[in-house]
Amino acid sequence: MKNIVIYAGTFDPITNGHLDIIRRAASLFDKVIVAVAKNSSKQPMFSLEERTALVEQSCQALANVQAVSFSGLLADFAKQNQATALVRGIRGSDDLEYEIQLAQLNDKLAHGLETIFLPPSVEWRYLSSTMVREIHKHHGDIQPFVPGCVMDLLKNRTEKE
């Protein structure tokens, strides 16, 4: 039996912190599904298709990583993909309480679905997609925080405007 893990998020945009978690999960599990969520309560900077493509491009060197978009309950998506666990990044104590609640809820919805908490590497501990979007909104340089494909897409958007 393969150990399949899901790393879910909106990835708007994918950051180097996300990639850190993905690479580490890919070294621990047979298969990592990066589940790009459609979240109707958020107004994303990138479309679902763009976010999924950015994850695919960012992870193309990782043979056991697959990017898939989804909507609905993560527990249902995990069951459909025969996942044994979820991976969640925990930056600090602010994330922990919320993530524990989600882990317990997902276990109730998909009995036996484990959640593995991975702290990001120290250099990315402070980073979030929200921060990246805010820096970009104020014309700051996000290049140190995101993969090159994110910069390329933003550059193409700027040239078209």
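Being a predicted model, the structure only gives us computed values, none of them experimental. (Residues numbered from 1 in each chain as written. Predicted model: local features only at pLDDT ≥ 70, side-chain atom pairs only at ≥ 80, totals over all residues. Heavy atoms only, no water.)

**What to know about the layout of surface pockets**
For clarity, the threshold we go by: With a 1 Å grid laid over protein atoms only, a set of points is called a cavity when a 1.4 Å probe fits there but cannot get out and a pocket when it is open yet has protein on both sides within 12 Å along at least five of seven lines; lining residues have an atom within 4 Å of a point. Grid points are joined across faces, edges and corners, and a volume is the space filled by probe spheres set on the points. Put simply, DSSP H or I for four residues or longer makes a helix, DSSP E for two residues or longer makes a strand, and each gets a number counted from the N terminus. Each residue receives one of three labels: charged for Asp, Glu, Lys and Arg, nonpolar for Ala, Val, Leu, Ile, Met, Phe, Trp, Tyr, Cys and Pro, and polar for the others, Gly being one of them.
Looking at the largest pocket, its volume works out to about 1,300 Å³. Looking at the largest pocket, it is lined by 43 residues, and the ones nearest its centre are Ala-8, Gly-9, Thr-10, Lys-42 and Arg-88. Looking at the lining of the largest pocket, the elements that each hand over two or more residues are β1 (4-9), α1 (16-28), α2 (48-58), β4 (85-89), α4 (93-109) and α5 (129-137). No other element matches the 7 residues that α4 contributes to the lining of the largest pocket. Residues of the lining of the largest pocket, tallied by class, amount to 18 nonpolar, 14 polar and 11 charged.

**Let's talk about the pairing of β1**
As a reminder, the rule being used: Classification of residues uses two cut-offs on accessible area relative to the type maximum, computed with a 1.4 Å probe and protein chains only: under 20% is buried, over 50% is exposed, and between them is partly exposed. Only strands joined by at least two bridges in the DSSP assignment are considered to pair. For a crossover, the right-handed case is the one in which the path from the first strand over the helix to the second runs clockwise, viewed with the strands pointing away from the viewer.
With 6 of its 6 residues buried, β1 lies for the most part within the structure. What you see with β1 is no split at all: Ile-4, Ile-6 and Ala-8 on one side and Val-5, Tyr-7 and Gly-9 on the other are buried throughout. Note that β1 and strand β2 (residues 31-37) share 6 bridges and pair parallel. Looking at β2, one finds that Ile-6 is bridged to Ile-33. At this point the chain moves from β1, through α1, to the parallel β2, and the crossover so formed is right-handed. When β1 meets β4, the two strands line up parallel, connected through 3 bridges. Looking at β4, one finds that Ile-6 is bridged to Leu-86.

**Overview of the environment of Gln-101**
Position of Gln-101 among the secondary structure elements: in helix α4. Each C-alpha atom, one on Gln-101 and one on Ala-67, is 25 Å from the other, the two residues being 34 residues apart in sequence.

**Things to note about the sheet that holds strand β5 (residues 114-118)**
For the record, the criterion: Lines fitted to the C-alpha atoms define the axes, with helices restricted to the stretch that makes contact. Angles between their N-to-C directions range from 0 to 180 degrees. Note on definitions: a residue-residue contact is assigned when non-hydrogen atoms from the two residues lie within 4.5 Å.
Strand order in the open sheet formed by 5 strands is β3-β2-β1-β4-β5, with parallel pairing between adjacent strands. What marks the edges here is a single partner per strand, and that holds for β3 (65-70) and β5. Neighbouring strand axes in the sheet, compared pairwise and without regard to direction, differ in orientation by 30° on average. Where α2 meets the sheet, it contacts β2 and β3, and its direction lies at approximately 155° from that of β2.

**Concerning the pattern of salt bridges**
Filter applied, for reference: Should a side-chain nitrogen of Lys or Arg be within 4 Å of a carboxyl oxygen of Asp or Glu, the pair is scored as a salt bridge.
Scanning the model with the defined rule gives 4 salt bridges in all. Arg-133 is paired through a salt bridge with Asp-12; the nearest N and O atoms lie 3.8 Å apart. Placement of the pair is Arg-133 in helix α5 and Asp-12 in the loop between β1 and α1, with a sequence separation of 121 residues. Classification of Arg-133 as partly exposed rests on a relative accessible area of 26%. Between Asp-20 and Arg-24 there is a salt bridge, with its nearest N and O atoms 3.1 Å apart. Placement of both Asp-20 and Arg-24 in helix α1 is noted, with a separation of 4 residues, approximately one turn of the helix. We classify Asp-20 as buried; its relative accessible area is 10%. Taking relative accessible area as the criterion, Arg-24 reaches 26% and is therefore assigned partly exposed.

**Quick look at the UniProt feature "site: Transition state stabilizer" (unreviewed entry) in the protein chain**
Stated precisely, the cut-off is as follows: UniProt positions are given in the numbering used here, feature names are shortened, and annotations may be inferred rather than shown by experiment.
UniProt's feature table lists "site: Transition state stabilizer" (unreviewed entry) at His-18, given in the numbering used throughout. Within the fold, His-18 resides in helix α1. Ignoring anything within four residues of it in the chain, the contact list for His-18 reads Tyr-7, Phe-11, Pro-13 and Ser-129.

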